[in-house]
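Structural overview for review
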Amino acid sequence: MLPEVPMLGRWLLLITRRALRERVNALLGSQSIWVWAEGPEPWEQPSVGAVVDWAALERYQARLHQRKAAERPLFWPVLCLVSRRKFPDLRPYWGELVDEVAALPLEPAELQARLRFLEQVREHTRALRRRQCELEAFFRGVAHDLRAPLRIIDGYVEALREDLGPLLKPEADRFLERIRASAHQLRVLVDRLYAFCQLGFKEPTALRPIQVRPVLEQTLAAHREVAAARRAEFSVLGPDAWVWGDTSLLRTGASELLRNALTYVSPGLAPWVRITVQPGPRWVRIAFEDNGIGVPPEHQERIFEPLVRLHGPEAYPGTGMGLAIARKAVELMGGRIGLQAGPTQGSVFWIELLRAEADGSRGAHEDLDYRR
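Residues numbered from 1 in each chain as written. Predicted model: local features only at pLDDT ≥ 70, side-chain atom pairs only at ≥ 80, totals over all residues. Heavy atoms only, no water.

Looking at the overall build of the protein chain
Condition: Secondary structure counts use DSSP, requiring at least four H or I residues in a row for a helix and at least two E residues in a row for a strand, with both numbered from the N terminus. Each residue gets one of three labels from its accessible area relative to the maximum for its type: buried under 20%, exposed over 50%, partly exposed in between, using a 1.4 Å probe on protein chains only. We call two residues in contact when some of their heavy atoms are within 4.5 Å. The Shrake-Rupley method, run with a 1.4 Å probe, gives the accessible areas here. Residue values count only the displayed protein chains as cover.
For the protein chain, the helix and strand inventory stands at 9 helices and 12 strands. Across the 372 residues in the protein chain, those meeting the buried criterion constitute 42%. Considering only intrachain contacts with a sequence separation of at least 6, the fraction spanning at least 24 residues in the protein chain is 70%. Of the accessible surface of the protein chain, which amounts to about 19900 Å², a share of 54% is contributed by carbon and sulfur atoms.

Quick word on the environment of Glu96
Position of Glu96 among the secondary structure elements: in the loop between β4 (78-83) and β5 (100-104). Residues Glu96 and His65, spaced 31 residues apart in sequence, show a C-alpha to C-alpha distance of 8.4 Å.

So, the nonpolar core
Spelled out, the test is: We call a set of buried Ala, Val, Leu, Ile, Met, Phe, Trp, Tyr and Cys residues a nonpolar core when their side-chain atoms join them within 4.5 Å.
Grouped together as the largest cluster of nonpolar side chains are 42 residues, with contacts concentrated most on Leu216, Leu257, Ile275, Phe288 and Phe349. Core analysis: the second largest hydrophobic core is formed by 22 residues, Trp76, Tyr93, Leu97 and Ala103 among them.

Some thoughts on unusual backbone geometry
Note: most peptide bonds trans; most residues except glycine with negative phi. Note the cis peptide between Leu104 and Pro105, where omega equals 5 degrees. Residue placement: Pro105 occurs in the loop between β5 and α4 (108-164). With a phi close to 60 degrees, Arg231 is a non-glycine residue in the positive phi region. With respect to the helices and strands, Arg231 occurs in the loop between α7 (224-230) and β7 (233-237). When its relative accessible area of 55% is taken as the criterion, Arg231 is described as exposed.

Quick notes on a nonpolar patch on the surface
Under the convention used in this document: Each patch is assembled from residues with relative accessible area greater than 30% and no salt bridge, linking like charges that lie within 9 Å and nonpolar side chains (Val, Leu, Ile, Met, Phe, Trp, Tyr) that lie within 5 Å. Definition used for salt bridges: Asp or Glu carboxyl oxygen within 4 Å of a side-chain nitrogen of Lys or Arg.
Together, Leu135, Phe138, Phe139, Val142 and Leu146 make up an exposed nonpolar region whose accessible area comes to about 420 Å². We classify Val142 as partly exposed; its relative accessible area is 32%.

Concerning the confidence of the model for the protein chain
The cut-off we apply is this: Per-residue confidence from the predictor is reported as pLDDT, which spans 0 to 100.
On average, residues of the protein chain score 79 in pLDDT, and 86% of them reach the 70 mark or higher. Ranking the elements of the protein chain by mean pLDDT puts strand β2 (residues 33-36) last with 61 and strand β10 (residues 283-290) first with 90. Predicted confidence is poor over residues 1-7, with pLDDT under 50, and the contacts of this stretch with residues over four places away or in other chains come to 18 contacts. Note on residues 364-372: pLDDT under 50 across the span, and 20 contacts to partners over four residues away in sequence or across chains.

Observations concerning the packing of helix α6 (residues 212-222) against helix α8 (residues 247-263)
Here is the rule we go by: Note on geometry: axes are C-alpha line fits, over the in-contact stretch for helices, and angles between N-to-C directions span 0 to 180 degrees. Oblique is the label for any angle not under 35 degrees, not over 145, and not in the 65 to 115 range, which are roughly parallel, roughly antiparallel and roughly perpendicular in turn. The hand of a helix crossing depends on one turn: near helix anticlockwise from the far one by less than a right angle means left-handed, and clockwise means right-handed.
Where α6 contacts α8, the two axes come as close as 9 Å, and the packing angle between them is 50 degrees. Judged by the angle between their axes, α6 and α8 are oblique. You can see that α6 and α8 cross each other, and the crossing is right-handed. The residues of α8 that touch α6, namely those facing Val215, Leu216, Gln218, Thr219 and Leu220, are Thr247, Leu250, Arg251, Ala254, Ser255 and Leu258.

Considering the pairing of strand β9 (residues 272-279)
Applicable threshold: Two strands qualify as a pair provided DSSP detects at least 2 bridges between them.
As judged from the 5 bridges shared by β7 and β9, these two strands associate in the parallel manner. Looking across to β9, one finds that Ser235 is bridged to Arg274. Pairing of β9 with β10 involves 7 bridges; the strand directions are antiparallel. Bridged to Ile275 within β10 is Phe288. Count of turn residues in the β9/β10 antiparallel hairpin: 3 residues.

Brief notes about the pairing of strand β8 (residues 242-245)
Taken together, the 4 bridges between strand β6 (residues 208-211) and β8 define a ladder with antiparallel strand orientation. If you follow Ile210 over to β8, its bridge partner there is Val243.

Concerning the pattern of salt bridges
A complete count under the given rule lists 14 salt bridges for this structure. Where Asp99 meets Lys68, a salt bridge forms, and the shortest distance between an N and an O atom there is 2.7 Å. Separated by 31 residues along the polypeptide, Asp99 in the loop between β4 and β5 and Lys68 in helix α3 (residues 61-70) bring together distant segments of the chain. Judged by its relative accessible area of 13%, Asp99 falls in the buried class. Where Arg114 meets Glu110, a salt bridge forms, and the shortest distance between an N and an O atom there is 2.9 Å. Residue Arg114 and its partner Glu110 are located together in helix α4, separated by 4 residues, close to a single helical turn. Connected through shared salt-bridge partners, Glu100, Glu110 and Arg114 make up one network.

Next comes the structure, spelled out in structure tokens:
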């Protein structure tokens, strides 16, 4: 439970119904600072959030979106006061613009509790944001400090080879090559760890309807050169679909699954990846079927954890971070990721994202959660 704190914040009051506005003022006017925000000036001043009714939500939604986007790292909440019959009409706003709903007729205790809860969450969000910034700066500094000596090691190995190459014994030359390969592997690991941490520090993304197939085709194009060197074959099957997501995050997740399929394949075997888009009533599944070495059932959960490798670097290159990065990217979109055994050999990795329509509405069978 969050500790109870007094309401001292400044709230924007966007209630068009005079009787309701007077009732809210009577209930809470002595406990907080209320500003009627019909004009432009109050929007420029610091405030905790906004209290709106249905008409104001429709009238001021552009301003509310703009204000929430500007203060997203600090969490700028919107409480909507509506009758229960209006709950279904909140579909376009819920979770992105509206954070809490209080049903009319209004009970004093309920309104006070919801506003107090939102102020407490805001303060905790601010504190977590400060800690997140400190951790992000720490990891950025660590990554930079680790890369510098690795570059120095690589430079000295190259200098030794250039200056003493003819004088080096074969065994010494092998030792230098192993030093250089280890430094390269460690540098790649540092880069992959930092990429994973960056996803962890990423601000919540405002999801929007995106088309799946164009993102997949862009991802395949980015891997075309590597695929040609490996004699790999890619294909995309199934209809196009719209999902609630983020183009960059979906591209990251798909790229990691492609890279995984190109890496973990038996020696001498040309890899292939068959991507199938499978729209459902609520979710869209994107399946990545490959002819790789497969994953034993007992390891199919843990391979999505960071730094988990089922094979040594002498057998297959890699850092054990790819699938962890893919999972993090998918989770940031509110999706799911998993693995099942292939029908004959290899594996089928899958991503599931909430279905959307081209007009921005949700999937047909989405169960909205109006919470308390």
